[in-house]
Amino acid sequence: PPSNVSLFGDITTTGFYLLGVRGNTLFEQSKYRLDFTAYFFSFPGAFWGIGYRDATYNQAESYKRLQNQIKVDFMFRVSKNFYLGVSPSFNYIEGRDFSNIDYLRGQKTRYINTGLAAFLLYDSRDFIPNAWRGIYVKLEQRIFPGFFGNDGAFSRTEFQGNAYHRVWKGGVLAYDLHAMFNYGNTPWTMLSLLGGSYRMRGYYEGRYRDKKMIEAQVELRQKVYGRSGIAVWIGAGNVFPSIQRFNWKHTLPNYGIGYRWEFKKRMNVRLDYGFGKKDQNGFLFSINEAF
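Residues numbered from 1 in each chain as written. Predicted model: local features only at pLDDT ≥ 70, side-chain atom pairs only at ≥ 80, totals over all residues. Heavy atoms only, no water.

Draft legend 1. Fine view of the overall build of the chain. When helices and strands are counted, the chain shows one helix and 16 strands. Computed over C-alpha atoms, the radius of gyration of the chain comes to 19 Å, within 12% of the 19 Å expected from 2.2 N^0.38 for 291 residues, which places it in the range of a compact globule. Summarising its shape, the C-alpha atoms of the chain cover approximately 55 × 40 × 35 Å along the three principal directions. Counting only residues that meet the buried cut, the chain has 52% of its 291 residues in that class. For the chain, the share of sequence-separated contacts (at least 6 apart) that also reach a separation of at least 24 residues comes to 56%. Surface summary for the chain: the accessible area is close to 13,900 Å², and the carbon and sulfur share equals 62%. Mean positive and mean negative side-chain charge positions of the chain (38 and 23 charges, respectively) differ by 4 Å. (Helix = DSSP H or I, 4+ residues; strand = E, 2+ residues; numbered from the N terminus. Rg over C-alpha atoms; globule rule 2.2 N^0.38 Å. Buried < 20%, exposed > 50% of the residue type's maximum accessible area, 1.4 Å probe, protein only. Contact = heavy atoms within 4.5 Å. Areas by Shrake-Rupley, 256 points an atom, 1.4 Å probe, with all protein chains shown as cover. Lys, Arg positive; Asp, Glu negative; His and termini not counted. Charge placed at Lys NZ, Arg CZ, Asp CG, Glu CD.)

Draft legend 2. Molecular detail of the side chain of S155. Its location among the elements puts S155 in strand β8 (residues 154-168). Exposure remark for S155: the relative accessible area of 18% places this residue in the buried category. Filtering out sequence-adjacent residues up to four positions away, S155 remains in contact with Q141, R142, I143, F181, N182 and Y183.

Draft legend 3. Region of interest: the packing of aromatic side chains. For the structure on display, the rule yields 21 aromatic pairs. The interplanar angle of 75° and the centroid separation of 6.0 Å between the aromatic rings of F181 and F240 together place this pair among those described as edge-to-face. Separated by 59 residues along the polypeptide, F181 in strand β9 (residues 171-184) and F240 in strand β13 (residues 228-240) bring together distant segments of the chain. By the burial criterion, F181 is buried, and F240 matches it. Through pairs of rings, three or more aromatic residues link up here, namely F47, Y63, F98, Y103 and W188. Its end group placed over the ring of W132, R166 keeps NZ or CZ at 4.4 Å from the ring centre. Looking at R221, its charged tip hangs above the ring of F291, at a distance of 4.8 Å from the centre. (Phe/Tyr/Trp six-rings, centres within 6.5 Å; stacked < 30°, edge-to-face > 60°. Lys NZ or Arg CZ within 6 Å of the ring centre and 35° of its normal.)

Draft legend 4. Representation of the pairing of strand β16 (residues 281-287). Looking at chain direction, strand β15 (residues 267-275) and β16 are connected through seven bridges and run antiparallel. From the neighbouring strand, Y273 faces β16, where its bridge partner is F283. In this structure, the hairpin formed by β15 and β16 is closed by a connection of five residues, where K278 is found at a positive phi of approximately 55°. (Pairing = 2+ DSSP bridges.)

Draft legend 5. Summary view of a nonpolar patch on the surface. On the surface, F27, Y32, F74, F76, V78, V86, L116, I143, F147 and F148 cluster together into a nonpolar patch covering about 930 Å² of accessible area. Considering each element in turn, the nonpolar patch owes the most residues, three residues, to strand β4 (residues 61-79). (Patch = residues over 30% accessible without salt bridge, like charges linked within 9 Å, V, L, I, M, F, W, Y side chains within 5 Å. Salt bridge = Lys/Arg side-chain N within 4 Å of Asp/Glu carboxyl O.)

Draft legend 6. Spatial organisation of the pairing of strand β14 (residues 252-264). Strand direction decides the pairing type here: β13 and β14, joined by 10 bridges, are antiparallel. Each residue of the ladder has a partner; that of S228, found in β14, is W261. Both β14 and β15 contribute to a ladder of nine bridges, which runs antiparallel. Bridge pairing in β15 links E262 to N268. Following β14, the chain reverses through two residues before pairing antiparallel with β15; R266 in that reversal takes a positive phi of roughly 65°.

Draft legend 7. Here's a closer look at the environment of R110. When you line up the elements, R110 lands in strand β6 (residues 110-123). You can call R110 partly exposed: its relative accessible area is 40%. Separated by 45 residues in sequence, R110 and R65 place their C-alpha atoms 9.8 Å apart. When residues no more than four places from it in sequence are discounted, the contact partners of R110 are Y92, I93 and E94.

Draft legend 8. Representation of the pattern of salt bridges in the model. Going through the model one piece at a time under the given rule, you end up with 24 salt bridges. With its nearest N and O atoms 3.3 Å apart, the salt bridge here joins R33 to D35. Across this residue pair, the class does not change: R33 and D35 are buried. For R270, the salt bridge identified is with D272, shortest N-O distance 2.8 Å. Just as R270 is buried, D272 falls in that class too. Salt bridges linked by common partners bring R201, E219, R221, R260, R270, D272 and E289 together as one network.

Draft legend 9. Region of interest: the side chain of D35. Mapped onto the elements of the fold, D35 is located in strand β3 (residues 32-47). A distance of 3.3 Å separates the side chain of D35 from the side chain of R33, its partner in a polar contact. (Polar contact = N/O pair within 3.5 Å; in protein donor to acceptor, adjacent residues only side chain to side chain.)

Draft legend 10. Layout of the environment of Q29. Looking at where Q29 falls in the secondary structure, it is placed in the loop between β2 (17-26) and β3. Note on Q29: relative accessible area 54%, which makes it exposed. Expressed as a C-alpha distance, the spacing of Q29 and R77, which sit 48 residues apart in the sequence, is 9.8 Å.

Any link to function would need more than the numbers given here.
Okay, here's the thing in structure tokens:
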């Protein structure tokens, strides 16, 4: 498959915007691979607190959020489609002008977190930006030790699994399962966030946040005519502080519909409108598929 790089921006009707760059560099015969993401955003946001109950029952309070992130994955192939890799990361997140600072539960308003991860990756996708067939599985263990300059040591285990197959002419079914578990003294800025432009689309990113999160989605992508296509999806997600306190009743629904315009062969501009629980909905614009 070819290497690729894209400049992307995300917009929601709730006021979130983001600018970034991401790409995949495949070296000769795919012996080595370099994936990278860098972005920044600044927006006047809303904050409900930490955990499902805060997000459900608290009144939204205003604050301004500044965030910068750089993440690089370098890997080498150990067998067909199977890779081992390392991944440094840097996050700067600051909250300003909180209308109710008590929602932070005594935590600081600004954190800089530097981490390092090791991961296993299996990738048999036929085309990374818009797969029609194949499987992608990644298991990553990331640490944020105190000697890296972090305020309190913590760690994160993350799993992502995707599968793709063609169901009929112009139609592709895509599946996504994602889990993120944090352990230790995880600051509010690095908790697992539900919502955004890739999963649980339509939910305000960060309204539901906690140490742990599981989310899944199934999407049907259908070519309609010429460069135009549509996508429909259903999904669900759950945030919780620990395995022992997981509650099925807190599972959040998600569904939506989107338009696809193929500006380059198998590379799309997407316009999605997602729906969730009660008043949670939003419009998103981006380049390439959500997963």
